[in-house]
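# Summary of the model geometry
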Amino acid sequence: MRGRAHRSRQVYVFTEGEVTEPEYIDLIVKNGTPKKAGETVQHHIANPNAEGKQRKPLRLVQDAVRTLRTVEREAEDAGLKKREDWNWPQVWVLFDRDDHQGIAEARRLADKEGVYVAYSHPCFELWRLLHYTNYTSSFGGICGDANSRLRSSAGFAATYGRGVRTVTEQQSKHVYGDQVLHKDGDRYRNAKKHAQKINDRCESPDPNKWDPYTDVFAFVEDGLLLSGY
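The rules behind the values
- Residues numbered from 1 in each chain as written.
- Predicted model: local features only at pLDDT ≥ 70, side-chain atom pairs only at ≥ 80, totals over all residues.
- Heavy atoms only, no water.
- Pairing = 2+ DSSP bridges.
- Helix = DSSP H or I, 4+ residues; strand = E, 2+ residues; numbered from the N terminus.
- Contact = heavy atoms within 4.5 Å.
- Axes fitted to C-alpha atoms, helices over the stretch in contact; angles between N-to-C directions.
- Buried < 20%, exposed > 50% of the residue type's maximum accessible area, 1.4 Å probe, protein only.
- Expected span 1.5 Å × (residues − 1).
- Right-handed = clockwise from strand over helix to strand, strands pointing away.
- Disulfide = S-S within 2.5 Å.
- Lys, Arg positive; Asp, Glu negative; His and termini not counted.
- Salt bridge = Lys/Arg side-chain N within 4 Å of Asp/Glu carboxyl O.

Spatially, E3-E1-E4-E5-E6 is the arrangement adopted by the five strands of the open sheet, whose pairing is mixed. Each edge of the open sheet carries a strand with a single partner, namely strand E3 (41-45) and strand E6 (213-214). Looking at chain direction, strand E4 (residues 90-96) and strand E5 (residues 116-121) are connected through five bridges and run parallel. Note on E5: the bridge partner recorded for Phe95 is Tyr119. Of the strands in this sheet, strand E1 (9-15), E3, E4, E5 and E6 are in contact with helix H9 (residues 216-223), which crosses E4 at around 165°.

Now for the pairing of E1. Of all seven residues in E1, seven are buried, a share of seventy percent or more. Across the two faces of E1 the burial is the same, with Arg9, Val11, Val13 and Thr15 and Gln10, Tyr12 and Phe14 all buried. Here five bridges tie E1 to E3, and the two strands are oriented parallel to one another. Note that in E3 the partner of Gln10 across the bridge is Gln42.

Looking at the element boundaries, Glu221 is found in helix H9. Take Glu221: its relative accessible area is 14%, and that puts it in the buried class. The contacts of Glu221, once residues within four sequence positions are left out, are Lys35, Tyr188, Lys192, Leu226 and Ser227.

A word on helix H3 (residues 57-77). The end-to-end C-alpha separation of H3 is 30 Å, in line with the 30 Å expected for 21 residues at 1.5 Å each. Those residues of H3 that sit buried are Pro57, Leu60, Val61, Asp63, Ala64, Val65, Leu68, Val71, Glu72 and Ala75. Of the surrounding secondary structure, the elements contacted by the buried residues of H3 are E1, E4 and helix H4 (103-113). Looking one or two residues beyond H3, the residue adopting positive phi is Gly79, at roughly 95°.

Moving on, we get to the pairing of E5. Along a regular strand, successive side chains alternate from one face of the sheet to the other. Where burial is concerned, most of E5 is hidden: five out of the six residues are buried. With H4 bridging E4 and its parallel neighbour E5, the resulting β-α-β unit is right-handed. In this structure, E5 lies alongside E6, joined through two bridges in antiparallel fashion. Bridge pairing links Ser120 to Thr214 in E6.

All right, on to the state of the cysteines then. Under the counting rule described, the total for this entry stands at one disulfide. Linked covalently through their sulfurs, Cys123 and Cys143 form a disulfide whose S-S length is 2.1 Å. Every disulfide takes its handedness from the sign of the S-S torsion; for Cys123 and Cys143 that torsion is 90°, giving right-handed. Here Cys143 lies in helix H6 (residues 143-151) and Cys123 lies in the loop between E5 and helix H5 (125-129), a separation of 20 residues in the sequence.

Structurally, Glu21 can be placed in helix H2 (residues 20-31). Buried and without a salt bridge, Glu21 has Arg55 as its closest oppositely charged side chain, separated by 7.1 Å. For Glu21, the contacting residues outside a window of four places in its chain are Thr15, Glu16, Leu94, Asp96 and Phe124.

And the structure:
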């Protein structure tokens, strides 16, 4: 029992993005504050070498379901109990609305099979933007607009080097500490507050119409077991 209780939770993450989401996750895990002492997480980017066609929402969830079945069997063999142990493994998928098809189907499959989803509309850049400002208007589903607003945020370009005033969309894929971290955790708290506010406005049952929307904070807290960063 003691061994079971002191095992870290294994969290497997499938990401749509090849660079941004993995860098963000690595950064906050390294610098984040655990919600509860003694409850730790070991995270694994489950699809680091996946090709573009394997990074579509439905395909991501399908691959995540297969991984979930494997890690649950391993957890059972190790003596963990799904409904009793805090460190029962989890599998998460982070994907965006962008212009993808099958968003609702992917979410339904994930819910049915026990895979967790963190979803952003139009894209993950919205979550990054909310660390800078309370943005509440629609993007019309255009991720480039969210990225442009992120890159023009006060102080953003300077995180890429002294004297840097502008960054390209390609450069902005990389995530640095000064963009999200704060010694008092204010940036995360504000981003979460802003996200919850815009999410509350989404009344349609169709996730394609939730513009804007992001629940990455649920992944941070419920998946990675962090209270902030």
